[in-house]
Amino acid sequence: MTMARMSMLLTAILAMASTACAACSSPKRPNIVILMSDDQDYRLGSTTYQNVLQRDVNAKGVEFVNHYATTANCCPSRVSFMRGQFVHNTNVTHVNAPGGNYDKFVISKQDQDYLPLWMKKSGYRTEYIGKFLNGYSQKNYFKTPKHWDHVAALIDPYTNVYNTPVFSTNGERPIWYEGYHQSDVIRAMALDRVEKLTSQDDPFLLFIAPFSPHVQNALHQSIPLSRHKDDFPEVQAPRNPNWNPSDEIQKQKGSWLASLPLMNESVKSFADHSYRQRIRALQGVDEIMEDVIALLEKKGVMDNTYFIYTTDNGYKVGTHRIPAGKATFYAEDTNLPFSVRGPGIPHGVKSKIPGAHVDLVPTFLDIAGVPKDQWPPQLDGSSLLKQWHHPSESTGVQAGQGNTKEIINIEFWGLCIVEAPNAAELGVPFKTNSYKTLRIVADDQAWLYSFWCTGDVELYNTASDPYELHNLAVNMTAETKQLINRLNAILLVTKSCETNTCRQPWQWLQPGTQKHEIISLSQAMDPKYDEHFASFPKVAFKECLQIQDIDNEGPYYPPLSQTGNLGQNYRGPTDNYESQGEGGTRYLDSGAEYGSWAQRHTTLAEILQTQHVLSDDEINGPDTMDLRGRDVGIQDGPEWLQWIG
């Protein structure tokens with residue numbers, strides 16, 4: 001071999017070694033851990049009772065005070081989170097058929113193309129523990145949620161029975177972890193998975209979804225771990241100005257809310273009890289958070305892990321005369337707890353930059369380093385990663401004036417439930433709860449504008465009226481009419497939008513050929529644009545339906561032919577679909593309370609010692625099992641209980 005060839009060979013070997021060394025020394029991509037509670041308020045102060053959240057996340061990260069769910073209901077919000085789309089584009093609009101549930105998610109084939117698949121393609125291991133979607137049940141547990149490397153999911157009808165935790169792991173036969181509260185089971189499962197995930201080389205996304213503080217449906221209240229059942233004995237639900245308001249205020253509300261009666265002393269006492277039970281239940285969520293973060297720190301990976309705390313939708317207690325519940329567009333139902341700590345995130349910051357659940361898929365893909373041109377084409381949201389790292393920056397040009405970043409779309413279809421013992425007396429279920437809503441979340445332009453399927457309109461200046469009491473659409477002034485024309489035009493776009501149209505609504509509202517003549521609400525309010533905005537058709541419903549129906553909700557702008565027809569290009573048809581997972585009778589009940597201090601640090605190995613694999617009879621329930629169900633005190637509630645998300 002000549003010296004020249006030897007020199008070339010040596011150079012090649014050194015280059016290969018250098019490349020390999022660089023690959024070995026390159027930092028591992030960050031892990032992502034999501035802890036999502038169920039039905040948690042932000043506006044009523046529940047997070048102030050979570051000492052671990054304050055100490056381990058907010059003090060070491062950023063709390064975003066203007067983060068929103070775009071649909072205030074469990075299943076639609078979770079699908080929106082994992083698909084990165086507004087609910088009008090997923091068409092999973094409720095917790096039960098015909099609006100939506102796990103079966104609709106599967107039949108529409110959206111389960112074949114969502115968050116875990118996209119993260120797996122980018123090299124992440126993906127795992128899920130806890131509540132998945134409404135309607136994942138003992139009837140269809142074998143239809144395993146796709147693309148998770150490991151999934152241990154609560155199954156209906158046991159999801160909302162705290163002391164009878166029944167799970168299916170990776171689609172296997174359901175198991176009852178007898179003798180435990182589900183929050184302790186989820187905590188132990190999460191720690192077991194963190195042990196395994198931190199012992200392998202791939203970055204990971206771990207989704208932990210406890211059911212707390214959701215109500216146990218038949219009992220109309222959360223059921224905390226027994227070690228916390230007597231916490232906070234003197235706490236009351238906050239008496240904010242929108243607590244049980246006067247007739248003069250209440251009559252300004254739209255649809256079914258206008259006729260709600262004042263809460264009497266008994267109902268107010270229930271609301272206070274409900275609030276206490278909720279913050280008690282959240283202590284179990286705090287313990288999950290504490291133990292998971294401690295283990296991540298012990299394993300030396302916390303500094304390279306984004307830890308996100310949030311919920312699926314908000315909640316109200318006593319607000320606008322509603323004893324307890326969700327599913328409205330008011331701030332209590334849509335403004336969510338949202339906190340994050342992780343690499344590059346400053347400590348102890350509270351940020352007002354808006355965000356929404358539809359933005360989280362783009363954010364996770366951004367964290368994973370996936371180039372934008374390789375992101376799924378159907379995404380409606382934008383990455384929040386920059387604002388996580390720079391939470392004190394502005395929202396961009398025309399910040400505070402209602403620019404694109406400050407526009408939040410809110411929507412709902414179908415009936416609404418009040419989660420209280422007097423629900424039937426109030427007229428539950430309310431079947432006129434469909435609406436289209438717009439929020440402008442900015443310093444100088446802060447508005448809530450909503451159009452109900454009944455034709456009622458509500459408008460609030462949320463800067464001067466943060467409790468959303470004084471409806472400016474009643475006895476409108478000329479100036480208010482001009483404002484509504486602008487808000488109607490924006491809402492027309494956001495309720496019709498898909499992909500980039502959702503991210504850039506102002507581009508469709510220009511009065512001429514200039515692309516950026518108007519980029520904020522403040523600019524749009526110039527009187528020279530009065531005629532332009534008055535020319536847009538009005539947002540409308542033909543009638544109040546329990547489903548999304550394209551013909552019922554026209555007009556659309558831009559025309560659907562230009563925007564993609566409400567997501568139909570990215571999902572399969574579901575017209576007249578049949579749900580097989582809903583319902584099912586519960587034949588098991590512990591009849592006891594669990595979660596004592598002796599169980600505070602119970603391990604999964606200890607829990608597995610009492611596991612009970614459900615038999616065919618315990619799933620399908622022949623006559624003998626019906627008798628057993630009655631014997632253990634299981635009562636079938638009214639039919640409308642199934643609509644509690």
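Here is what the cut-offs are and how they apply
- Numbers given for residues are sequential positions, taken from 1 along each chain in its written order.
- For a predicted model such as this one, the threshold for reporting local features is a pLDDT of at least 70, and the threshold for listing and counting side-chain atom pairs is 80 or more; totals across whole chains, interfaces and linings nevertheless cover every residue.
- Values reported for side chains reflect all heavy atoms of the structure, with hydrogen atoms and water molecules removed beforehand.
- Summary of the metric used: pLDDT quantifies the predictor's per-residue confidence within the range 0 to 100.
- In this description, contact between two residues means that some pair of their heavy atoms is separated by no more than 4.5 Å.
- Each helix is a run of DSSP H or I of at least 4 residues and each strand a run of E of at least 2, with the numbering of both proceeding from the N terminus.
- A helix's residues, less one, multiplied by 1.5 Å, set its expected span.
- Throughout this description, buried means an accessible area under 20% of the type-specific maximum (1.4 Å probe, protein chains only), exposed means over 50%, and partly exposed covers the range between.
- Side-chain atoms within 4.5 Å link the members of a nonpolar core, which is a set of buried Ala, Val, Leu, Ile, Met, Phe, Trp, Tyr and Cys residues.
- Of the two site types, the cavity is a set of points on a 1 Å grid over the protein atoms alone where a 1.4 Å probe fits but cannot get out, and the pocket is an open set with protein on both sides within 12 Å along at least five of seven lines, each lined by residues with an atom within 4 Å of a point.
- Grid points are joined across faces, edges and corners, and a volume is the space filled by probe spheres set on the points.
- Just so you know the grouping, Ala, Val, Leu, Ile, Met, Phe, Trp, Tyr, Cys and Pro go in nonpolar, Asp, Glu, Lys and Arg go in charged, and all remaining residues, Gly too, go in polar.
- Two cysteine sulfurs form what is called a disulfide whenever their separation falls within 2.5 Å.
- Two strands qualify as a pair provided that DSSP identifies no fewer than 2 bridges between them.
- An axis is simply a line fitted to the C-alpha atoms; with a helix, the fit covers only the stretch in contact. Between two such axes, the angle follows the N-to-C directions and lies from 0 to 180 degrees.
- A pairing counts as a salt bridge when a side-chain nitrogen of Lys or Arg comes within 4 Å of a carboxyl oxygen of Asp or Glu.

K.L.:
Honestly, the confidence of the model for the protein chain in this entry has me stumped. Any pointers?
P.N.:
Reading predicted coordinates in detail is not appropriate for stretches of low pLDDT. Per-chain confidence: the protein chain averages 93 in pLDDT, with 93% of residues scoring 70 or above. A low-confidence stretch, residues 623-633 stays under pLDDT 50, and its non-local contacts, those more than four residues away or across chains, total ten contacts.

K.L.:
Before we go on, may I ask you to explain helix H14 (residues 478-494) in this structure?
P.N.:
Residues three or four positions apart in an α-helix share a direction because the helix packs 3.6 residues into each turn. Taking 1.5 Å of rise per residue, the 17 residues of H14 would be expected to cover 24 Å, and the 25 Å separating its terminal C-alpha atoms lies within 8% of that figure. The buried fraction of H14 is high, at 13 of 17 residues.

K.L.:
Just to check I follow, could you spell out the nonpolar core for this structure?
P.N.:
One broad rule of soluble globular proteins: the nonpolar side chains tend to lie buried together. Residues Phe132, Phe364 and Trp388 are the most contacted members of the largest nonpolar core, which totals 58 residues. Beyond its immediate chain neighbours, meaning those up to four positions away, Trp388 contacts Val62, Phe64, Tyr306, Ile308, Phe338, Val340, Ile345, Pro346, Leu360, Thr363, Phe364 and Ile367.

K.L.:
What is the right way to look at empty space enclosed by the protein in this model?
P.N.:
For the structure shown, the criterion picks out two cavities of 30 Å³ or more. Forming the boundary of the second largest cavity are Phe64, Asn66, His67, Phe338, Ile353, Pro354, Gly355, Leu384, Gln387 and Trp388. Residue composition of the lining of the second largest cavity, by class: six nonpolar, four polar and no charged.

K.L.:
What's the story with the state of the cysteines in this structure? I'm lost.
P.N.:
Inspection of the entire model under this criterion finds two disulfides. For Cys453, the disulfide goes to Cys544, at an S-S distance of 2.0 Å. Measuring the twist about the S-S bond at about 100°, one finds the Cys453-Cys544 disulfide to be right-handed. Here the residue Cys453 occupies a position in the loop between strand E16 (447-452) and strand E17 (457-461), and Cys544 occupies one in the loop between helix H17 (530-534) and helix H18 (560-563), the gap between them amounting to 91 residues. Assessed through its relative accessible area of 7%, Cys453 is described here as buried. Take Cys544: its relative accessible area is 23%, and that puts it in the partly exposed class.

K.L.:
Please clarify how the sheet that holds E17 should be interpreted in this entry.
P.N.:
Hydrogen bonds along the backbone pair up the strands of a sheet, which may run parallel or antiparallel. Here we have four strands laid out as an open sheet, ordered E14-E15-E16-E17, and antiparallel in their pairing. Strands at the two margins of the open sheet, each flanked by one partner only, are strand E14 (407-412) and E17. If you compare each strand with its neighbour and ignore which way they point, the axes differ by 10° on average. Inspection of the sheet shows E16 paired to E17 by five bridges, in the antiparallel sense. Each bridged residue has a counterpart across the sheet, and for Ser450 the counterpart in E17 is Glu458.

K.L.:
Just checking my understanding: could you explain the pairing of strand E9 (residues 305-311) for this structure?
P.N.:
Two faces belong to every sheet, and in a regular strand the side chains alternate between them. Within E9, seven of the seven residues are buried, which leaves the element mostly enclosed by the surrounding structure. The alternating pattern of E9 places Thr305, Phe307, Tyr309 and Thr311 and Tyr306, Ile308 and Thr310 on opposite faces, both of which are buried. Taken together, the seven bridges between strand E1 (residues 31-37) and E9 define a ladder with parallel strand orientation. The partner of Met36 across the bridge, within E9, is Thr310. As defined by bridge partners, E9 adjoins strand E11 (residues 338-341) across four bridges and the pair is classed as antiparallel. Across the sheet, the residue bridging to Ile308 is Val340, located in E11.

K.L.:
Sorry, what's going on with the layout of surface pockets here?
P.N.:
Gaps between atoms show up when a probe of the same size as a water molecule is rolled over them. In this structure, the largest pocket occupies an estimated 870 Å³ of space. Within the lining of the largest pocket, the residues separate by chemical class into 15 nonpolar, 14 polar and eight charged.

K.L.:
Would you mind showing me how to read helix H7 (residues 182-197) here?
P.N.:
Look at H7: 22 Å from first C-alpha to last across 16 residues, which is about the 22 Å you get at 1.5 Å a residue. When you tally the buried positions in H7, you get 13 out of 16 residues, the bulk of the element.

K.L.:
How should I be thinking about the pattern of salt bridges in this particular structure?
P.N.:
Side-chain pairing between opposite charges can occur once the charged atoms of the two side chains come close. Counted under the stated rule, the structure contains 35 salt bridges. In this structure, the salt-bridge partner of Lys350 is Glu63, at a minimum N-O distance of 3.8 Å. Of this pair, Lys350 sits in strand E12 (residues 349-351) while Glu63 is found in strand E2 (residues 62-64), placing the two residues 287 residues apart along the sequence. Lys350 gets classed as exposed once you look at its relative accessible area, which sits at 59%. Glu63 gets classed as buried once you look at its relative accessible area, which sits at 9%. Between Arg239 and Asp272 there is a salt bridge whose closest N-O contact spans 2.5 Å. Residue Arg239 is located in the loop between strand E8 (204-209) and helix H8 (247-250), and its partner Asp272 is located in helix H9 (residues 265-298); the two are separated by 33 residues in the primary sequence. Taking the relative accessible area as the measure of exposure, Asp272 reaches 7% and is therefore buried. Taken together, the shared-partner salt bridges connect Arg55, Asp56, Asp184, Arg187, Arg227, Glu287, Glu290, Asp291 and Arg600 into one network.

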